[in-house]
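# Descriptive analysis of the structure
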Amino acid sequence: MALSNKKLAVTAIQKNLKKVPEWMCNTKKSEISRTFIFSSFMHGFAFVAKVAVHAEVIGHHPDIELSYGKVKIKLMSHDVKGLTLADFELARKIDALKV
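Report follows, based on the coordinates. Residue indices begin from 1 for each chain and proceed along its sequence in written order. Where local features are concerned, this predicted model is filtered to residues with pLDDT of at least 70; where side-chain atom pairs are given and counted, the filter is 80 or more; whole-chain, interface and lining totals use all residues. Side-chain numbers here rest on the full set of heavy atoms in the structure, without hydrogens or water.

Secondary structure follows DSSP: runs of H or I at least 4 residues long count as helices, runs of E at least 2 residues long count as strands, and numbering of each begins at the N terminus. Relative to the elements of secondary structure, alanine 52 occurs in helix α2 (residues 41-58). Classification of alanine 52 as partly exposed rests on a relative accessible area of 38%. For the pair alanine 52 and leucine 85, spaced 33 residues apart in the sequence, the C-alpha separation amounts to 18 Å. A simple rule labels every residue: compare its accessible area, found with a 1.4 Å probe on the protein chains alone, to the largest value its type can have, and call it buried under 20%, exposed over 50%, or partly exposed in between.

Structure follows, in structure tokens:
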């Protein structure tokens, strides 16, 4: 299920950030990111596998850094060199995974 790949304006980005308050916006890189903390490498790895499934379903793939007890996820739409609704949709799905 591919979402719109239209680059969002600053006001739309600000509006969507309110829906994912734990994500940070880097305006210079036009990306949002969030770091998740886990009790072990394997818990982080299992989380990354769940993220991968959601990314495949919506056809939007994040940059992921996995280290012991920590997963950092960065979202941006490379084709438009900015943020789109797909980035925020995936961020919401990822947030729902971390309980």
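From this point, things continue past the structure.
Strands pair, by our definition, only if DSSP identifies at least two bridges between them. Taken in spatial order, the four strands make up an open sheet running β1-β2-β4-β3, and their pairing is antiparallel. Among the strands making up the open sheet, the edge pair consists of β1 (24-26) and β3 (63-67). When strand polarity is set aside, the average angle formed by the axes of neighbouring strands in this sheet is 20°. Strand direction decides the pairing type here: strand β2 (residues 31-37) and strand β4 (residues 70-75), joined by six bridges, are antiparallel. Following the sheet pairing, isoleucine 32 is matched in β4 by leucine 75. When checking whether two residues touch, look at their non-hydrogen atoms; a contact exists if any pair is within 4.5 Å. The convention used is that axes are lines fitted to C-alpha atoms, helices contributing only their stretch in contact, and that angles between N-to-C directions extend from 0 to 180 degrees. Lying over the sheet, helix α3 (residues 85-97) contacts β2 and β4, oriented at roughly 10° with respect to β2.

Purely geometric numbers; function is a separate question.
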